Structure formats: C-alpha cells, structure tokens
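What follows is each chain in one-letter form.
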Amino acid sequence: MASRHPVDPATVANLLAGFRRVSQLRNHWARPGPRAGYYWYITFEESGEVLRLVRQCQDQLSFPYYDLVPLPTVHLTLDRIAYYPGTTVEQLTAIASAARDYCRTMVPFTVQVAVLTGTAGALGLNVFPPEPVHDLRRVLRAATLSIIPNAPLNRRTFLPHVTVAYANTDGVPTTAAFEVAQQVAALPAAMAQVTSVAMVRLERHTRSYHWDILATIALGPQSS
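Now for a look at the structure at hand. (Residues numbered from 1 in each chain as written. Predicted model: local features only at pLDDT ≥ 70, side-chain atom pairs only at ≥ 80, totals over all residues. Heavy atoms only, no water.)

### Brief notes about helix 4 (residues 131–147)
Line of reasoning, step 1. When the terminal C-alpha atoms of helix 4 are compared, their 25 Å separation across 17 residues agrees well with the 24 Å that a helix rising 1.5 Å per residue should span.
Line of reasoning, step 2. Of all the positions in helix 4, only Pro132, Val133, Leu136, Arg137, Val139, Leu140, Arg141, Ala143 and Thr144 are classed as buried. (Helix = DSSP H or I, 4+ residues; strand = E, 2+ residues; numbered from the N terminus. Expected span 1.5 Å × (residues − 1). Buried < 20%, exposed > 50% of the residue type's maximum accessible area, 1.4 Å probe, protein only.)

### Here's the deal with the sheet that holds strand 7 (residues 190–194)
Line of reasoning, step 1. Across the sheet, which stays open at both edges, the five strands sit in the order 2-6-5-4-7 with antiparallel pairing between neighbours. With one partner strand each, in any of the chains shown, strand 2 (66–68) and strand 7 form the two edges of the open sheet. Strand-to-strand twist in this sheet, taken as the mean axis angle between neighbours without regard to direction, amounts to 35°.
Line of reasoning, step 2. Here three bridges tie strand 2 to strand 6 (residues 161–167), and the two strands are oriented antiparallel to one another. When the sheet's bridge partners are listed, Tyr66 is paired in strand 6 with Ala167.
Line of reasoning, step 3. The strands touched by helix 1 (residues 9–20) within the sheet are strand 4 (109–118) and strand 5 (122–128), with strand 4 carrying the most contacts at an inclination of about 45°. (Pairing = 2+ DSSP bridges. Axes fitted to C-alpha atoms, helices over the stretch in contact; angles between N-to-C directions. Contact = heavy atoms within 4.5 Å.)

### Points about the packing of helix 3 (residues 89–103) against helix 4
Line of reasoning, step 1. At a minimum axis distance of 8 Å, the contact between helix 3 and helix 4 shows a crossing angle of 140°. Of the possible angle classes, the one that applies to helix 3 and helix 4 is oblique. Crossing geometry of helix 3 relative to helix 4 is assigned as right-handed. Together, Gln91, Ala94, Ile95, Ala98, Ala99, Tyr102 and Cys103 of helix 3 and Leu136, Val139, Leu140, Ala142, Ala143, Thr144, Ser146 and Ile147 of helix 4 make up the contact between the two elements.
Line of reasoning, step 2. Classifying every residue of the contact of helix 3 with helix 4 gives twelve nonpolar, three polar and no charged. (Parallel < 35°, antiparallel > 145°, perpendicular 65-115°, else oblique. Left-handed = near helix turned anticlockwise from the far one by under 90°. Nonpolar A, V, L, I, M, F, W, Y, C, P; charged D, E, K, R; others polar.)

Put into structure tokens, the structure is as follows:
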C-alpha cells in the first residue's frame, strides 16, 4: 500500500471554506427522480481504516436532521449506469463483461479518505488523490456507453467522496455541522486500496438506501 501523506493544509482550508459557504440544509430524501437504479460503486467492507474514520466522524454528529450512513453500506459512488425499470438483465450482463475487458488496463491504486465537508444535502469525506478515481470512472463510463449509448450517466461535477450522513430536513443552518467538520479536520487520513469496482442495484427508501452487488470487476490483467 502507498505511503500515507498528510493532506495539504491549504487544501483542507479550501475544502472547509467551500462548506462554510453552504448556509442551509436541503432534505436529500425529497429529491425527485426514480427511486431505483444501477450504479458503479467502490465499496469499503474490507477497508477498516475508512470505516473507523467514518465512525469517528459520525460519533460527533448527534443531530436529528442528519441520517447516518450505516457502516456496512459505506461506499464511493462512481456513476449511474441505468434506471430501474429501464434496462434488461442482458444489457447489465453485457456492461459487466465490457467493464471486465476495459478494466484489464487499470492498475489497482491506493487513496486516502480525509477531511469532512458538506453540501446542502449531505456530509462526506474527501478522497485523495482524485485522479485515479476519475480515470476509473472514465473507463466504466466507456464500458456502459458501449452497450447503452444513451445511458443516463450522472452529468453533475464529479468530486470523489465517501458520504457519512444525509440531511433529512430543509432550512436548518449548517453552523453546527461546520463546527464538527472543523473539529475532525485533524483526524489522520484513512488509507484504502482499490482493487475492484462493484455494479450495484440501488433502492432509495424513505430515509435510507439499500443496495445489492450484482457484479464485481477486478482491476488489472486478473479481470479476465
């Protein structure tokens, strides 16, 4: 595993400054759109450091207006593949096969997860360096589009992160959450080696997500 490096203080300051500009919460669960779909995830069930850091952050979030992400479901969302309903088992199988071919060119890599920040709808830990995550996302998007050319990929700006909690209320000031982010900013980064990616079926419930892994795609030549 790669060596651990402290996150640059200027980067930490910039990330916290961005969160400070978010004045009020927006209920994440009230978002419109389909309630189920297929996604590419990096999962962390074997990354004890990441799960411990998530728990350390969650232990400071005793606010009723946030729903904590259960540790077994902690993940990094790479991209949307398709909505449910709207795709077939045959298409998903073909996408997974294409991804295995494409991911032969990828090399497993190590990331650091650190620095709690937030948006109006969630709190999350940032991922460093972001470049290998972006590279993996591009490969998976190419695999998806090779089977479904009009796939509903996520068009929003992609900032790799690991969500810790989702906002469940509108209009609450972010002041208290920002204070927590400042308090935990000095926690050591968690290291995680990324050796595979998961295709999952995701369902959004009233105030939680549930997902099942449909396929696991290894990175590197062993993905044949």
